[in-house]
There are 2 protein chains.
Amino acid sequence: MDFKDLNAQATFTNKELEERRKYFEDLIKRRYFFNQGFEIYGGVAGLYDYGPPGCAIKNNLLKLWREHFILEEDMLEISSTCITPYPVFKASGHVDRFTDLMVKDVKNGAGHRADKLIEAFIEAKLSKKKLKPEEVKELEEIKQKVETFSAQQMHDVIQKLGIKSPDTGNELGFPEPFNLMFGTPIGPSGQLPGFLRPETAQGMFVNFNRLNEFNGGRIPFAAAQIGLGFRNEIAPRNGLYRVREFDMAEIEHFFDPKRPEHPKFKYVKDLKLPLLTAKSQEHGDGSVTQMTLEEAVKSGTVSNETHAYFIGRTFLFLVEAGVNQNNIRFRQHMSNEMAHYACDCWDAEIEFSHGFKECVGLANRSAFDLESHTKGSGVKLLAARRLPEPRKVTIIDITLDKKEIFKALKGDGNELTKLIEGYSDEQKAELMKKFETADSVEFDIKVKEVEKKVQLPKALISFKVSEQMQQEEKFVPYVIEPSFGVGRIFSAILEHSFRMRDEKRTFFHLPPKISPIKCSILPVISHEKYNDAIHKLKVGLTKVGVSSKVDDTGHAIGRRYARTDELGIPFGITIDNDTLVDDSVTLREILTTKQIRIPINDVFRVVSDLADGLITWDSVLAKYPLFKPNASEEN
Amino acid sequence: MDFKDLNAQATFTNKELEERRKYFEDLIKRRYFFNQGFEIYGGVAGLYDYGPPGCAIKNNLLKLWREHFILEEDMLEISSTCITPYPVFKASGHVDRFTDLMVKDVKNGAGHRADKLIEAFIEAKLSKKKLKPEEVKELEEIKQKVETFSAQQMHDVIQKLGIKSPDTGNELGFPEPFNLMFGTPIGPSGQLPGFLRPETAQGMFVNFNRLNEFNGGRIPFAAAQIGLGFRNEIAPRNGLYRVREFDMAEIEHFFDPKRPEHPKFKYVKDLKLPLLTAKSQEHGDGSVTQMTLEEAVKSGTVSNETHAYFIGRTFLFLVEAGVNQNNIRFRQHMSNEMAHYACDCWDAEIEFSHGFKECVGLANRSAFDLESHTKGSGVKLLAARRLPEPRKVTIIDITLDKKEIFKALKGDGNELTKLIEGYSDEQKAELMKKFETADSVEFDIKVKEVEKKVQLPKALISFKVSEQMQQEEKFVPYVIEPSFGVGRIFSAILEHSFRMRDEKRTFFHLPPKISPIKCSILPVISHEKYNDAIHKLKVGLTKVGVSSKVDDTGHAIGRRYARTDELGIPFGITIDNDTLVDDSVTLREILTTKQIRIPINDVFRVVSDLADGLITWDSVLAKYPLFKPNASEEN
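In this text, all values refer to a predicted model and were calculated from it rather than measured experimentally.

What counts, and where the lines are drawn
Residues numbered from 1 in each chain as written. Chains lettered and ligands numbered in written order. Predicted model: local features only at pLDDT ≥ 70, side-chain atom pairs only at ≥ 80, totals over all residues. Heavy atoms only, no water. Pairing = 2+ DSSP bridges. Helix = DSSP H or I, 4+ residues; strand = E, 2+ residues; numbered from the N terminus. Contact = heavy atoms within 4.5 Å. Axes fitted to C-alpha atoms, helices over the stretch in contact; angles between N-to-C directions. Core = buried A, V, L, I, M, F, W, Y, C linked by side-chain atoms within 4.5 Å. Buried < 20%, exposed > 50% of the residue type's maximum accessible area, 1.4 Å probe, protein only. Least-squares fit on C-alpha atoms with pLDDT ≥ 70 in both. Buried area = accessible area lost by both parts, 1.4 Å probe. Salt bridge = Lys/Arg side-chain N within 4 Å of Asp/Glu carboxyl O. Polar contact = N/O pair within 3.5 Å; in protein donor to acceptor, adjacent residues only side chain to side chain. Expected span 1.5 Å × (residues − 1). Arc of directions from axis to C-beta. Domains from an automatic or database assignment.

**Q** In this structure, what is going on with the sheet that holds strand E25 (residues 548-550) of chain A? I would like to understand it.
**A** Paired through their backbone hydrogen bonds, the strands of a sheet run either parallel or antiparallel. All names here are of chain A. Across the sheet, 6 strands lie side by side as E25-E24-E26-E27-E28-E29; this open sheet has mixed pairing. Looking at which strands have only one partner, the edges of the open sheet turn out to be E25 and strand E29 (626-627). Two elements, strand E28 (residues 595-599) and E29, share 2 bridges in a ladder whose sense is antiparallel. In the strand pairing of E29, Ile596 is matched with Leu626. Each of strand E24 (519-523), strand E26 (571-575), strand E27 (584-589) and E28 touches helix H19 (residues 557-566); the most contacted strand, E24, lies at about 165° to it. Strand contacts of helix H21 (residues 600-611): E24, E26, E27 and E28, with the helix running at about 125° to E28, the strand carrying the most contacts.

Written out as structure tokens, the structure reads:
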């Protein structure tokens with residue numbers, strides 16, 4: 001479905017697609033867009049390096065993301081560390097729940113991701129054997145739902161289908177959860193356990209109070225972060241789709257759950273997008289509905305206006321970045337696949353040659369994270385909303401005799417004081433009431449994973465009650481989180497922009513903003529008489545902010561065009577003998593390969609405007625005379 | 001020495017400096033430039049997060065670095081992974097040698113970095129006790145040299161001075177090397193050990209062949225990488241100077257050791273820079289010499305022209321980024337402190353309030369890294385130089401009967417074939433000679449760290465000799481590596497740009513390129529009648545590429561100026577009632593606080609040119625009428 005020409009909307013047979021994929025992969029490798037990491041040492045699965053053109057495209061993609069989201073929406077960008085201490089991921093739920101089910105080869109102990117193993121087994125079976133229609137139907141149903149199976153369900157399927165360890169044919173054990181976080185001890189003693197973050201989000205949650213203060217206490221506001229994430233995948237795949245270290249770009253939009261409207265929703269409400277709802281997947285035929293975002297909010301299909309706003313903005317970003325808009329859909333998570341922190345989640349899925357893949361997650365995380373870290377740290381993470389009118393409230397201040405508590409309870413005292421200090425106003429009132437009739441109250445605390453009960457004597461706690469006029473009330477903000485997998489979008493852009501003139505002439509037709517370099521400068525032949533013109537063009541293009549690449553090697557001009565096309569350089573300036581006479585050059589565009597003749601003094605602004613998308617190539621073709629190169633020059 | 005006003009060149013007493021530091025640290029914290037990571041969980045030593053203004057400054061610093069080095073010099077930027085498998089750092093020498101000496105508290109096992117412990121002890125002793133001049137001299141000598149001491153020397157000093165474990169007063173054990181790399185197992189089996197890279201460099205070395213091919217085999221060329229590095233410091237310090245996770249920007253300039261000239265050296269050769277040579281430190285009085293880079297190369301002070309070229313370019317970068325040029329010096333490593341990979345190394349040291357600190361390392365790594373990875377991987381990392389004229393050479397092709405070798409030698413066979421396949425032409429010739437007179441040859445190999453001897457029978461190896469005309473010869477390129485610690489430079493810029501009008505009015509006078517936001521937009525009072533003008537200014541500034549921040553809160557204009565000053569926003573536009581009449585606004589500059597009156601239509605270009613450094617504030621003052629605000633407006 002990919003590899004199609006956006007203009008021609010050509011469709012290809014499977015065989016043709018396979019052919020094209022070979023040329024695509026050859027081009028990626030030959031011009032060093034990316035490669036497997038540590039190749040000379042045999043490579044490491046799930047680790048990839050970006051070569052010069054890939055790195056430039058990734059940087060341009062991140063620049064566009066920063067402009068489209070952070071700058072246009074005045075978001076608060078931060079940069080927090082990858083190394084994260086244990087208590088943060090304990091509180092966030094990742095230590096307990098950020099797992100995939102793994103089955104082990106009972107003899108050699110090699111681990112396999114259970115769902116992927118079942119999928120691969122079914123795919124092989126479907127492609128190799130003639131099966132009855134009902135068998136096919138059953139296998140396809142399993143394949144579609146296996147990701148959401150419990151350990152027992154996976155085990156049952158493995159037994160029923162007789163799946164064995166793929167390399168050895170050995171039996172497989174019962175599926176066990178495997179935590180995907182990379183662990184690493186912090187400090188020389190090795191006593192402070194830590195992890196590499198699997199998402200950048202927690203850095204924004206734990207700094208919520210700082211960010212809220214920086215923003216003057218006004219809510220809603222959004223924090224954003226561009227950075228690395230790490231996941232120790234059991235079964236990394238070839239290519240950039242499922243890797244162990246990856247670039248992410250994440251937004252945490254904090255808002256008042258009583259006010260889920262977004263002031264800029266009007267700009268995206270009429271966007272009609274293909275939505276694949278949970279309902280359609282769970283109880284329907286799995287079909288996609290075309291719906292405007294306004295309808296999606298009104299019908300309750302998407303959780304709220306702010307959530308829908310970011311779905312719209314994400315769509316616009318992907319299209320601007322070069323993803324084919326006909327290959328994007330938004331799929332809602334079914335209730336049994338939702339991450340532990342989400343209450344509604346939509347994935348922006350992009351169609352690759354292997355099918356639709358999640359590239360952006362848009363989750364409504366509700367108050368889950370801020371509440372979890374309040375509990376975990378004992379520090380309240382709250383925003384304030386102004387009350388319509390001031391109201392009288394009863395304030396209960398609790399004073400704990402910490403010295404005596406620590407003396408009496410030792411290590412447990414710390415947990416107990418943290419617990420009480422984290423109490424809400426309601427909990428404080430309740431506790432005060434308990435102590436009115438008791439000399440001691442029992443608390444449930446958790447120390448190093450173990451639940452225990454402790455007694456707090458009345459003498460060690462005191463309550464002060466006062467009345468205040470309150471102008472505002474505190475609340476835990478909700479969060480909408482758009483989370484972008486940069487490598488996945490990068491891959492989609494390359495697949496969707498891949499073009500072939502013929503077998504020998506493959507190239508990338510990228511949006512100029514994304515292209516690694518905007519313009520090439522090519523003397524028609526290699527000769528020093530052109531050096532002044534080359535220099536003038538290079539300096540002039542740099543001055544208008546256009547990156548350029550000179551190729552004055554001795555290769556034929558046609559071969560040099562082909563080489564710049566392979567890198568996805570959209571425009572090319574050629575210097576010839578006429579340049580030395582009348583200060584004009586030719587300007588060529590990658591997709592049409594048409595050339596015009598243009599004065600040097602005009603070319604800087606024209607290329608800059610083309611690169612910024614302010615003018616079209618058609619308008620340039622209309623304005624300047626077409627240039628017909630010799631046949632030999634284009635070959 | 002920092003905190004001085006660049007213009008006034010004021011010098012302060014130590015007490016004044018301490019006072020200023022308090023205000024500096026308050027400002028950093030209050031406006032969230034950066035903070036310790038995971039504060040709400042008590043913080044983790046050596047981990048820091050950048051808040052919105054800090055993150056923007058860091059991004060601008062990296063953007064400037066990319067322009068100054070990568071774009072201006074056509075470097076090949078790549079992006080490789082942080083997670084790195086064991087064999088890479090085994091080959092590079094980091095597994096064995098990337099260590100600091102640590103002493104352990106003999107009772108509680110807590111680790112301390114030996115040199116820092118000795119330094120701190122001496123500092124405390126010098127500041128607290130009246131000592132004899134010769135004692136002072138001895139202690140100061142130890143303090144200066146302790147970083148380069150051997151374990152035995154450190155132990156002797158600890159014994160002699162009677163240094164105990166700082167928290168407990170317990171005895172300290174013998175200094176042992178502690179490896180600074182964070183370890184993390186890769187994959188579900190945990191059987192592939194890995195590390196987080198302590199530098200980005202290895203990613204460029206292991207990809208050398210790819211990069212060389214991408215560049216068409218032309219040498220010299222430079223690879224560059226901006227990314228994270230991780231070091232599990234034994235004793236991280238407060239602030240961004242010695243941290244456990246940090247941004248780096250590194251260049252690996254590969255060149256032919258027979259041609260160490262640099263074509264652009266002429267542009268920096270006359271730069272006169274303060275050089276602190278190894279000689280001056282080892283055998284002299286430790287004084288700095290002012291020397292042009294040309295003199296430094298001619299006198300052999302710096303290893304070669306390319307090395308000196310990057311010293312010059314580094315100096316220019318630091319100054320452009322906002323480091324006070326009078327607080328930079330270049331210090332040569334002494335022979336006993338050189339890293340294991342370097343043959344000559346100069347640090348760009350920047351003076352902070354605590355003294356000079358290394359911020360950029362400029363190492364001549366010679367052929368060390370490419371040779372190490374050739375040995376470690378068995379893949380040759382070579383470039384080619386054209387011969388003055390073709391020459392006839394003897395080519396020896398070796399064919400190994402791998403199947404039989406693996407059968408005979410099992411796992412050792414792999415090491416043996418890797419060894420032989422990595423042979424140079426000379427080694428091949430030598431081996432062929434040995435086999436002429438022997439039926440079997442003995443080889444020294446290393447399997448899992450253990451050295452062993454294996455025999456290869458003549459029957460399993462064959463040699464084919466042919467003659468060829470050679471146009472070029474292969475060689476191992478040398479490397480000059482400029483390596484930038486981004487957080488350290490960030491810190492220096494903040495210290496050097498810190499200013500105080502009085503105790504209440506602190507601000508950062510940053511180069512506009514580095515400022516987090518270029519321009520503020522402030523209505524003189526909060527009123528909706530100004531909304532159209534605000535919108536017009538915001539859109540107009542965005543169009544010319546100037547980032548802006550609106551502050552239309554109800555605070556007095558003077559307070560809002562002060563708040564934008566605190567963030568280092570260099571320019572401010574104020575909208576008042578005259579704006580509504582004649583479409584003019586005032587424009588204010590942060591350092592002088594002077595304001596001019598200027599038509600809205602002019603202000604976009606003027607602010608953009610000021611921000612790009614194309615015009616000066618003085619020239620703007622000369623052209624437009626001065627605006628005198630009411631006294632109340634500036635308070």
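**Q** Is there a simple way to think about the nonpolar core in this case?
**A** Side chains that are nonpolar tend, in soluble globular proteins, to be buried together. Ranked by internal contacts, the top residues of the largest apolar core, which has 198 residues, are A:Trp65, A:Phe330, A:Leu494, B:Trp65, B:Phe330 and B:Leu494. Every residue in contact with A:Leu494, bar those within four places of it in the chain, is listed here: A:Phe24, A:Ile28, A:Phe33, A:Phe34, A:Ile57, A:Phe508 and A:Leu510.

**Q** How should the relation of the copies chain B and chain A be read in this particular structure?
**A** Here the second copy of the chain follows from the first by a rotation about an axis and a shift along it. Superposing chain B onto chain A takes a rotation of 180° plus a shift of 0.0 Å along the axis, which leaves an RMSD of 0.2 Å. What we have between these two chains is a two-fold relation. Among all residues of chain B, the one whose C-alpha sits closest to the rotation axis is B:Thr184, at a distance of 2.7 Å. The fraction of interface residues of chain B whose copies in chain A are also interface residues reaches 100%, indicating that both copies meet through the same surface.

**Q** Got a minute to help me understand the interface of chain B and chain A in this structure?
**A** The parts lose accessible area when they come together, and the size of an interface is often stated as this lost area. Between chain B and chain A, the residue contacts involve 69 residues of the former and 69 residues of the latter. Interface area, chain B with chain A, both sides summed: about 5900 Å², of which 62% is carbon and sulfur. Linking chain B with chain A are 4 salt bridges, by the criterion used here. For the interface between chain B and chain A, the tally reads 28 residue pairs in polar contact (both at pLDDT 80 or more).

**Q** How do you make sense of the sheet that holds strand E5 (residues 99-104) of chain A when you look at a structure like this?
**A** Residue and element names in this part refer to chain A. The strand order across the open sheet formed by 3 strands is E6-E5-E7, and the pairing between neighbours is antiparallel. Looking at strand neighbours, the two that pair on one side only are strand E6 (111-113) and strand E7 (176-179), the edges of this open sheet. The sheet shows a mean angle of 55° between the axes of neighbouring strands, direction not considered. Bridge count between E5 and E6: 3 bridges; the pairing is antiparallel. When the sheet's bridge partners are listed, Lys104 is paired in E6 with Gly111.

**Q** How should I be thinking about the pairing of strand E12 (residues 272-276) of chain B in this particular structure?
**A** Residue and element names in this part refer to chain B. Within E12, 4 of the 5 residues are buried, which leaves the element mostly enclosed by the surrounding structure. The sheet contact formed by E12 and strand E13 (residues 289-292) spans 4 bridges and is antiparallel. In the sheet register, Lys272 faces E13, and the bridge partner there is Thr292. Across 2 bridges, E12 lies against strand E14 (residues 328-332) in parallel orientation. Bridge assignment links Leu275 to a residue of E14, and that residue is Phe330.

**Q** Quick question: what am I supposed to make of the environment of B:Leu211 here?
**A** With respect to the helices, strands and loops of the structure, B:Leu211 is situated in helix H9 (residues 208-214). When the C-alpha positions of B:Leu211 and B:Ser526 are compared, they lie 57 Å apart, and in sequence the two are 315 residues distant. When residues no more than four places from it in sequence are discounted, the contact partners of B:Leu211 are A:Tyr32, A:Pro52, B:Leu76, B:Ile78, B:Met204, B:Phe221 and B:Ala223.

**Q** What exactly am I supposed to notice about helix H18 (residues 531-543) of chain B here?
**A** Counting along an α-helix, one turn takes 3.6 residues, and residues three or four places apart therefore face a common direction. Residues and elements named next belong to chain B. With 13 residues, H18 should reach 18 Å at 1.5 Å per residue; the first-to-last C-alpha distance of 18 Å fits that figure. Burial in H18 covers these residues: Ala533, Ile534, Leu537, Gly540 and Leu541. The buried residues of H18 occupy an angular sector of 140° when projected down its axis, which confines them to one face. Of the residues in H18, the exposed ones pointing more than 90 degrees away from the buried face are Asp532, His535, Thr542 and Lys543. Check the buried side of H18 and you find it contacts strand E24 (519-523), strand E25 (548-550), strand E26 (571-575), helix H20 (577-582), strand E27 (584-589) and helix H21 (600-611). One or two residues past the end of H18 sits Gly545, with phi positive at roughly 80°.

**Q** Where do I start with the domain arrangement of chain A in this structure?
**A** Residue and element names in this part refer to chain A. Taken domain by domain, chain A holds domain 1 (20-90 + 182-368 + 481-485), domain 2 (101-179), domain 3 (387-472) and domain 4 (517-634). The C-alpha centroid of domain 2 is placed 29 Å from the C-alpha centroid of domain 1. Both sides together, the interface formed by domain 1 and domain 2 hides about 720 Å², and carbon and sulfur atoms give 59% of it. The largest per-residue losses of area from domain 1 upon contact with domain 2 belong to Ile234, Arg242 and Asn336, which jointly make up 56% of the total buried on that side.

**Q** Got a minute to help me understand the pattern of salt bridges in this structure?
**A** Side-chain pairs of opposite charge can arise where the charged atoms are in close proximity. All names here are of chain A. One pass over the structure, following the stated rule, counts 92 salt bridges over all chains. In this structure, Glu67 and Lys63 form a salt bridge, with 3.3 Å as the shortest nitrogen-oxygen distance. Taken as a pair, Glu67 and Lys63 lie in helix H2 (residues 52-71) at a separation of 4 residues, close to a single helical turn. Given a relative accessible area of 32%, Glu67 falls into the partly exposed group. Ionic pairing is found between Arg331 and Glu337, a salt bridge with its closest N-O pair at 2.8 Å. Like Glu337, Arg331 is buried.

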